[in-house]
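Summary of the model geometry
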Amino acid sequence: MLAIEIFSVSFFVAMVLNGITLLFGCLGETIIEKAGHLNLGIPGIMYLGGIGAILGAFIYESNATNFNGFLAILCALFFCILMSGLGACIYAVLTVSLRANQNVTGLALTTFGVGLANFLGGSLGKLAQGGSGLFVSVKETSDAFTFYIPWLSEKTGLFGKLFFNSSYGFLTFVALILAVLVHIFFKKTSIGLNLKAVGENPQAADAAGINVTKYKYVAIMVGGIIAGLGGCYFVMNYLKGVWQHGALGDAGWLAVALVIFSLWRPLRSIWGAFLFGALTVAYNYLHASTSQQEILKMLPYLVTIIVLIVTSLNKRREDQPPRSLGLHYFREER
Amino acid sequence: MFELKNLSKYFGEVVANEDISLTINEGEILALLGENGSGKTTLMNMLAGLYYPDRGQIFLNGEEIVIKSPKDASSYGIGMIHQHFKLVDLLTAAENVILGLNKGFFLDMEKVEQEIKEVGEMYGFDIDPKKKVYNMTVSEKQSLEIIKVLYRGANLLILDEPTAVLTPQETKQLFKALRKLKERGKAIVLITHKMNEVLGVSDSIAVLRKGKLVKRLATKDANELMLAELMVGEKVSLNIKRSKVKDPVLRLEIRDLSVKNQYGKMVLDNVSFDAYGGEILGIAGISGSGQKELLEAIAGLQGTQKGSDITYYHPKHNEIKLIGKSPFQIKRLGISLSFVPEDRLGMGLVGSMGMVDNVLLRTYDETPNFYKNRKRAKKIAKAIKEELAVSTPSEETAVQTLSGGNVQKVLVGREIANNPIVFMTAYAVRGLDINTSYVIYDILNKQKEAGVAVIYVGEDLDVLLALSDKILVLSNGKISKPLDPKKVTKEEIGLLMTNKIEEELEK
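On a predicted model such as this, the values are computed, not experimentally measured, just so you know.

1. Re unusual backbone geometry
- A positive phi angle, close to 55 degrees, is found at leucine 263 of chain A, a residue other than glycine.
- By secondary structure assignment, the location of leucine 263 of chain A is in the loop between helix H12 (251-261) and helix H13 (266-285).
- Its identity is not glycine, yet asparagine 61 of chain B carries a phi of approximately 50 degrees, on the positive side.
- Within the secondary structure, asparagine 61 of chain B sits in the loop between strand S4 (55-60) and strand S5 (63-65).
- Given the relative accessible area of 55%, asparagine 61 of chain B is considered exposed.

Spelled out as structure tokens, the structure:
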């Protein structure tokens, strides 16, 4: 029997924290896919972003004499962007310039990113706690990330607890604003229109005077970095700065699934992210048995499959993936 | 005024263009005439910024310009309308027009839509700026392409085979618009290999052969025969021979054939006709009127609606109902389909295989051996190569490395090698030069004389009229009565091709 505890504040907060993580990943992947590249390396890039943030925070915490929250955040973000940017850069060079198969490159990048992140995490653990260090903790930086306005979060009752919870930090709101900005970017700006054209029909974009290669590179880099922020957000806000082996779980794959669920629309991905977030954590709040838990964990994927079936059946042109998704572009092809 | 001086372009060892010098004047329509592979499109692609010349210069009003990208071309007022439209399906007409222009960070669609309407009205194009491209007809897309380059301030418009996809009526409209553009001082280059268009609309003609400019002359001094001679470099007879039909035998009886496509639209609507052995049955129609589905239904590749009936009178067996039979069984009964889609390799041949292996694809099952027998296939491949003069280094060379004409010869030759009883072919000469086309017509005639029932789906009405013994016109899935090509005129067929569509629109 499933006992229901999902009408609790802690469930809502867990949903938001997981959802925002997915939202970052989804926005990043959406931008990349709009450029015509299916980046299955997103899970790896999110791991790289997560461990980058830990690494930056760890370096700062071990070297700073006077802990300054702002500098800690900067340092963590810098390394997060560096690491996820590195992952995105590998993918961009391989798939855009060298025209390697996108799926193979992406899957390899995920294997590489997850492996490297776990390796670095283990090494940091050993540095911090000696031989048997199984985890590494950057509590102070995590606290800095989750700073909050006491009055708004604590004095406004349920409203504050739900919408300005003390564990949200500033990145939660950054993600939501980012989703709106990405929406405006694709709907209202010329660069957004050009990027859409690159992913739909690079031949046409090229003929219209758009530098296809440049657009692809920038989209892959920016998208990768945004996805990397998701990794940072997860370890700092949800895991409270504690890194363990495989810390991010399957968040990256869920983010990729969310792109399909949201039909490449940033605004839709906001509520989609919360839905997926809720489905991911539901098993913790339903007192389900182990086998029931496993079934609950697959719900987001099941929902994605249903969305795929529905959109494939209705064939609305606007709901289909970018037309040249996964294809290479050569110019002087004869 | 644009001036090209000694432009040359090579692809590896292949000469695409060599030392071409040409002047393009404003207020003039220049027809660029030449066989396939004569370098017309390559030459214009250098103006459009898609290729960069290996040698030579380009001058605009006396000043040398360097064109390295489509963007450069556009900044010098050069706009090209490619054969395959460069439009983004998902976007609206207006969005396609301003693509890549980056006028300000935010888009002002209302202003752009207004401006597009104005450009359209000025030159007589009817266009809805809010319409998505995937909802447009071919001729609407073409108008959009023209408006796109005009909006970008083009003074030189290059059109690559613009009429290949249009009905005769739409072609007329296009030419009207081109004349209007000319009157307003635009320079226009028309790439084509259709003589009647060249003579009908252009002011001046430049003929290319094998990458070189053969001659530049005023249209008023030209005639069809002379141009053909310039193009091929030798005298060609423009007449396709049509041998008399001897003892036609009923082979195929098609009754009430209906096919629905994946969107539930009737692409073939109660089509009935007969095909006789010893005759060439020509099928005319705008592309996409159901030709593909018709041939595929006969070959067993296409599901049909209830009530459809195809009866096949085999010379040795009794009558056979074809519906419900697998493509493999139908092929075994001697019905051969050499469908030539837009990309020749797509449905017919495996590009990375040589001629022998491609022949083997059809014959591997003739002997029950576990090991394949390449000897026989090799013999057939050799025969095809010699009889049809396929130019390939060896029968084992991957067919994708051959030129379009040679690929087509391999495809058609292989089907004929199987001694078909019914031989169906679609667009067999699409993209081929005149000489190769004649080789194909010859093959079809020989098949007919041998008593084969030939079904020929074609697009060039002159050829259809000259080659076929009977003509059927497909229009929007409906088929006309059999017409006598000796009595019917081109215009009548053109009307039959389009009027059903107009009826449809009026509803």
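Still to come is the rest of the account.
2. Description of the pattern of salt bridges
Residue and element names in this part refer to chain B.
- Inspection of every chain in the model, using the stated rule, returns 28 salt bridges over all chains.
- Close ionic contact of glutamate 279 with lysine 470 constitutes a salt bridge, the shortest N to O distance being 3.4 Å. Of this pair, glutamate 279 sits in the loop between strand S12 (266-277) and strand S13 (280-284) while lysine 470 sits in strand S19 (residues 470-475), placing them 191 residues apart in sequence.
- The class of glutamate 279 is buried, set by a relative accessible area of 9%.
- A relative accessible area of 24% means that lysine 470 is categorised as partly exposed.
- Each of Asp357, Arg374, Lys378 and Glu396 takes part in a single network of salt bridges with overlapping partners.

3. Description of the domain arrangement of chain B
- By domain assignment, chain B separates into domain 1 (2-232), domain 2 (245-336 + 420-433 + 449-507) and domain 3 (347-418).
- Distance between the C-alpha centres of domain 1 of chain B and domain 2 of chain B: 35 Å.

4. A few points about the interface of chain B and chain A
- With 29 residues of chain B at the contact, the number on the chain A side is 28 residues.
- Across the chain B/chain A interface, buried area totals approximately 2,500 Å², and carbon plus sulfur atoms make up 60% of it.
- Looking at the side of chain B facing chain A, the largest losses of area belong to Leu90, Leu99 and Leu107 of chain B, adding up to 21% of the total buried there.
- Run the count over chain B and chain A and you get two salt bridges.
- The partner of aspartate 89 of chain B in a salt bridge is arginine 323 of chain A, and the shortest N-O contact between them spans 2.9 Å.
- Run the count over chain B and chain A and you get 10 residue pairs in polar contact (both at pLDDT 80 or more).

5. A look at the sheet that holds strand S14 (residues 309-313) of chain B
Residues and elements named next belong to chain B.
- An order of S12-S11-S14-S15 is seen for the four strands of this open sheet, with the pairing classed as antiparallel. Each of the sheet's edge strands pairs with one partner strand only, and the pair in question is S12 and strand S15 (319-321). Mean inter-strand twist for the sheet, computed between neighbouring axes without regard to direction, equals 15 degrees.
- Relative to S14, strand S11 (residues 249-260) is paired through four bridges, and the arrangement is antiparallel. In the strand pairing of S14, glutamate 253 is matched with threonine 311.

Criteria and cut-off values
- Residues numbered from 1 in each chain as written.
- Chains lettered and ligands numbered in written order.
- Predicted model: local features only at pLDDT ≥ 70, side-chain atom pairs only at ≥ 80, totals over all residues.
- Heavy atoms only, no water.
- Helix = DSSP H or I, 4+ residues; strand = E, 2+ residues; numbered from the N terminus.
- Buried < 20%, exposed > 50% of the residue type's maximum accessible area, 1.4 Å probe, protein only.
- Salt bridge = Lys/Arg side-chain N within 4 Å of Asp/Glu carboxyl O.
- Domains from an automatic or database assignment.
- Contact = heavy atoms within 4.5 Å.
- Buried area = accessible area lost by both parts, 1.4 Å probe.
- Polar contact = N/O pair within 3.5 Å; in protein donor to acceptor, adjacent residues only side chain to side chain.
- Pairing = 2+ DSSP bridges.
- Axes fitted to C-alpha atoms, helices over the stretch in contact; angles between N-to-C directions.

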